[in-house]
There are 2 protein chains.
Amino acid sequence: MPPTPGVPEGKRPTLADVAARAGVSVALVSIVMRGAKGAGAATRERVLEAAREIGYRPDARARLLRSNRSRLLGVQFGLQQPFHTDLVEGVYAAAEPAGYQIALSAVAPSRGERHAVETLLGDRCEALILLGPQAPAALLAELAAQLPVVSVARRLRPAVPGVDVVRTADDEGARRAVDHLVSLGHRDIVHIDGGRAPGAADRRRGYRTAMNRHGLADRARVLPGGLTEEDGAAAARTLLGDDPRPTAVVAFNDRCATGVLDAFLRARVPVPDEISVVGFDDSHLARLAHIDLTTVGQDVRRLADLAVGRAVARLEGEAASDGETSGNETVIAPHLVIRSTTAGPRNG
Amino acid sequence: MPPTPGVPEGKRPTLADVAARAGVSVALVSIVMRGAKGAGAATRERVLEAAREIGYRPDARARLLRSNRSRLLGVQFGLQQPFHTDLVEGVYAAAEPAGYQIALSAVAPSRGERHAVETLLGDRCEALILLGPQAPAALLAELAAQLPVVSVARRLRPAVPGVDVVRTADDEGARRAVDHLVSLGHRDIVHIDGGRAPGAADRRRGYRTAMNRHGLADRARVLPGGLTEEDGAAAARTLLGDDPRPTAVVAFNDRCATGVLDAFLRARVPVPDEISVVGFDDSHLARLAHIDLTTVGQDVRRLADLAVGRAVARLEGEAASDGETSGNETVIAPHLVIRSTTAGPRNG
DNA sequence: GAAACCTGAGCGTGATATGAA
DNA sequence: GTTCATATCACGCTCAGGTTT
């Protein structure tokens, strides 16, 4: 690597190097680099030029160390979950205009939530945004005692003090899915659930509520599923053996629904002609032209905005709304996205 | 939040707080926390206990600031690419045993590679691991002048000085796919390519080479594709209009192949009965029971290991092998994973 | 008085030098 | 000499306070 002129070998340039080159004090360079006021236009230009020449780049960590604010939001997410990666994108977009940086920490089979959170804490994040956390409430409470914590898409019952929750009304989402199917003429509607996944309990409940309301309580049926394609496909294969088959399926999420779709297609059971399928999330997957899944949309951008907003509000010293210090819950409405995997039943 | 006893309000505990509580010097606490030698067993225990009591946690940033080594590897990856998220998992697994931390920076539609890299540099990463970077060679060269850079899955021709490349032999992978199909009796084999995506050119070339070798040069046909399901589905729809149709497709990657599969299934063209499909990557997707895609496997774990290994080797001062200071290329062999989307042609 | 600049201190660590048992 | 412990400085930066026009 070619040594940069005027800079000690092997070290990246610092404020001091820029200062020396521009013939000003370190503090002044700091002012210029931050774009703060207190420097003349001419000097400012000279400093910026010097910085450019030697390839100066601010050290984010030193910066954070000095100012007691770090302006860092820690985000925990599942590497393999499209809904999470969609959310991460939204969080980036929401955080940067608000003047916050994002530290990402992934959860994967070989890397648990505990580990992910530890890393974020070590990085001096000011707040934690946890996407669909599975951690026990006690752990969340412990974390909340140290810094603001926002749980996205995971409801906490009972509420955990200090943990804000931002989520979609999962029960309402499931209800809308059922309402839609009933309005198309369906009566035999099955729910393939998400087991213990965040949101699964509410979606199950919403499904049952809606079936009851339509007088279909005795036809309600919940099949164990999960949040992957495999889970959906397995459940669908069970359905294929039924006689008569249900005419519609509400799946836990889009991945699960995709698995259902695929199992049906392979068995030559046309969707939606013989059976309708509804997903949940409106993730990237559902929107793909060749899947084109009717699904319950979560407003990802809004969830991300709210999550960042709650974290920032706590940080800027705003008391939780209602003067309540305990956990706050923000629930946003889902919306049904009708695509091509639903239609009226054959013998409607 | 309940104030921790013995710690200044609103601040997280520091070495000094632990020292005060344990009745020792700050330096000694530092020694204990690092597990370095130079502390008595009894004192060590006392310090650790004090630390536990007040909830002390080392400040990663201050730590990095002080030691001129940061032991941080910056990883740039595509949020929506399963192959990348698989790789990230491997990188985590490889880095931590080697004593390095990972800083993640995502690339998304709203967040370009430039931005992603800037963040990593600001975090004082010691080296950059770029997954499938699309950045121009000039930019990579510029980065490599500052710190070790490893490009994963993106070949650089001509080699860029200072940039190490770790990749799968894409051409060989495509050749193996074709060989497999030919051995099954196929002759009309189409390639749906990846356009300008990393690896696409080599896969195209490998496909053509193999077709030539089998004396099928005049049947070779490359359709423009891409790296998403939509791209694959679009290309597949083109094929559906052909008469006669090809009997086999080699897709650029698994996502693309999945799109192809889906388009065929929708058109009631049975796979593999009427047409065989081969993917590339052996990503999570391909392994799902209901997709069960024959594909060219990239050894993700090995790629990740090598990428981390190259970065670490550069950092630990090892000269590049062969005494060459310029970019080094490590190419690993792909392997064919035969699943259920390939079979002999009908009129074989 | 304001604008432009500088000095000095300190953020939480790690490393070295030095001293005491 | 070895083991344990401390004092002191430095890392790169920001900020409060001072000095000069």
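What you see is a predicted model; the values in this text were computed from it and never measured.

Peer 1: Explanation requested: the interface of chain A and chain B in the structure shown.
Peer 2: A common way to state how big an interface is: give the accessible area lost once the parts meet. Across the boundary between the two partners, chain A contributes 57 residues, which contact 57 residues of chain B. Of the roughly 5,300 Å² buried where chain A meets chain B, counting both sides, 52% is carbon and sulfur surface. If you look at where chain A meets chain B, you find seven salt bridges. Taking the shortest distance from any N to any O, the salt bridge between Glu96(A) and Arg111(B) comes out at 3.8 Å. For the pair chain A and chain B, the interface holds 22 residue pairs in polar contact (both at pLDDT 80 or more). Secondary structure elements with two or more residues in the side of chain A that touches chain B: helix H4 (60-66), strand E1 (72-78), helix H5 (82-95), strand E2 (101-107), helix H6 (113-122), helix H10 (229-240), helix H11 (254-266) and helix H12 (284-287) of chain A.

Peer 1: Would you mind showing me how to read the protein's contact with DNA strand C here?
Peer 2: Among the 25 residues in the neighbourhood of DNA strand C, the closest are listed as Gly40(A), Thr43(A), Arg66(A), Arg63(B) and Arg66(B). Sugar and phosphate atoms constitute 66% of the interface atoms of DNA strand C, taking the interface as everything within 4 Å of the protein. Leu15(B) places a main-chain nitrogen or oxygen 2.9 Å from a phosphate oxygen of DNA strand C. One nitrogen or oxygen atom from the side chain of Ser30(B) is found 2.9 Å from a phosphate oxygen belonging to DNA strand C. Among the secondary structure elements, those contributing two or more residues to the surface near DNA strand C are helix H2 (26-34) and H4 of chain A together with helix H2 (26-34) and helix H4 (60-66) of chain B. It is H4(B) that contributes the most residues to the surface near DNA strand C, four residues altogether. Of the residues belonging to the surface near DNA strand C, the class tally is eleven nonpolar, six polar and eight charged.

Peer 1: Would you explain empty space enclosed by the protein in this entry?
Peer 2: Applying the stated criterion across every chain, the model contains four cavities of 30 Å³ or more. Computed from the structure, the largest cavity encloses a volume of approximately 550 Å³. Around the largest cavity sit 32 residues that line it, and Glu229(A), Leu285(A), Pro82(B), Glu229(B) and Leu285(B) are the ones nearest its centre. Of all the elements in the fold, those that place two or more residues in the lining of the largest cavity are H5, H11 and H12 of chain A together with helix H5 (82-95), helix H11 (254-266) and helix H12 (284-287) of chain B. For the lining of the largest cavity, the class distribution of residues is 14 nonpolar, twelve polar and six charged.

Peer 1: Teacher, can you tell me more about the side chain of His180(A) here?
Peer 2: Residues and elements named next belong to chain A. Locating His 180 in the fold gives a position in helix H8 (residues 170-183). With relative accessibility at 10%, the residue His 180 sits in the buried group. Once residues lying within four places of it in the same chain are set aside, the contact partners of His 180 are Thr 294, Leu 336, Ile 338 and Thr 342.

Peer 1: What is the right way to read the pairing of strand E1 (residues 72-78) of chain B from this model?
Peer 2: Each regular strand shows side chains that alternate between the opposite faces of the sheet. Residues and elements named next belong to chain B. With seven of seven residues buried, E1 is to be regarded as a mostly interior element. Residues Leu 72, Gly 74, Gln 76 and Gly 78 of E1 are buried on one face, and the alternating residues Leu 73, Val 75 and Phe 77, pointing to the opposite face, are buried as well. The pairing of E1 with strand E2 (residues 101-107) spans seven bridges and is parallel. Bridge assignment links Gly 78 to a residue of E2, and that residue is Val 107. In this fold, E1 hands off to H5, which returns the chain to E2; that crossover is right-handed.

Peer 1: Any chance you could explain the protein's contact with DNA strand D here in plain terms?
Peer 2: Surveying the vicinity of DNA strand D reveals 23 residues, the closest of which are Arg34(A), Tyr56(A), Arg63(A), Thr43(B) and Arg66(B). Per the 4 Å cut-off to the protein, sugar and phosphate atoms form 74% of the nearby atoms of DNA strand D. Here Arg63(A) contributes a side-chain N or O atom positioned 2.5 Å from a phosphate oxygen of DNA strand D. When contributions to the surface near DNA strand D are tallied by element, the ones reaching two or more residues are H2 and H4 of chain A together with H2 and H4 of chain B. Split by residue class, the surface near DNA strand D holds ten nonpolar, six polar and seven charged.

Peer 1: Would you mind showing me how to read the packing of aromatic side chains here?
Peer 2: Aromatic ring pairs: the centre-centre distance and the angle between the two ring planes describe each pair. Residues and elements named next belong to chain A. Per the counting criterion, the structure on display carries zero aromatic pairs over all chains. One Lys or Arg, Arg 71, reaches over the ring of Tyr 100 and ends 4.5 Å from the middle of that ring. For the cation-ring pair, Arg 203 lies above Phe 280, with the distance from its terminal atom to the ring centre recorded as 3.6 Å.

Peer 1: When you look at the environment of Arg237(B) in this model, what are you seeing that I'm missing?
Peer 2: All names here are of chain B. When you line up the elements, Arg 237 lands in helix H10 (residues 229-240). Since its relative accessible area comes to 46%, Arg 237 is described here as partly exposed. Spatially, the C-alpha atoms of Arg 237 and Ala 267 are 8.9 Å apart, while their sequence positions differ by 30 residues.

Peer 1: When you look at the sheet that holds strand E5 (residues 163-168) of chain B in this model, what are you seeing that I'm missing?
Peer 2: Residues and elements named next belong to chain B. Pairing is parallel across the open sheet formed by six strands, whose spatial order is E2-E1-E3-E4-E5-E11. Edge positions in the open sheet fall to E2 and strand E11 (329-332), since each of these has one partner strand only. On average, adjacent strands in this sheet sit at an angle of 15 degrees to one another, irrespective of strand direction.

About the criteria used
Residues numbered from 1 in each chain as written. Chains lettered and ligands numbered in written order. Predicted model: local features only at pLDDT ≥ 70, side-chain atom pairs only at ≥ 80, totals over all residues. Heavy atoms only, no water. Contact = heavy atoms within 4.5 Å. Buried area = accessible area lost by both parts, 1.4 Å probe. Salt bridge = Lys/Arg side-chain N within 4 Å of Asp/Glu carboxyl O. Polar contact = N/O pair within 3.5 Å; in protein donor to acceptor, adjacent residues only side chain to side chain. Helix = DSSP H or I, 4+ residues; strand = E, 2+ residues; numbered from the N terminus. Near = heavy atom within 4 Å. Nonpolar A, V, L, I, M, F, W, Y, C, P; charged D, E, K, R; others polar. 1 Å grid on protein atoms, 1.4 Å probe; cavity = no way out; pocket = protein on both sides within 12 Å on 5 of 7 lines; lining within 4 Å. Points joined across faces, edges and corners; volume = space filled by probe spheres on them. Buried < 20%, exposed > 50% of the residue type's maximum accessible area, 1.4 Å probe, protein only. Pairing = 2+ DSSP bridges. Right-handed = clockwise from strand over helix to strand, strands pointing away. Phe/Tyr/Trp six-rings, centres within 6.5 Å; stacked < 30°, edge-to-face > 60°. Lys NZ or Arg CZ within 6 Å of the ring centre and 35° of its normal. Axes fitted to C-alpha atoms, helices over the stretch in contact; angles between N-to-C directions.

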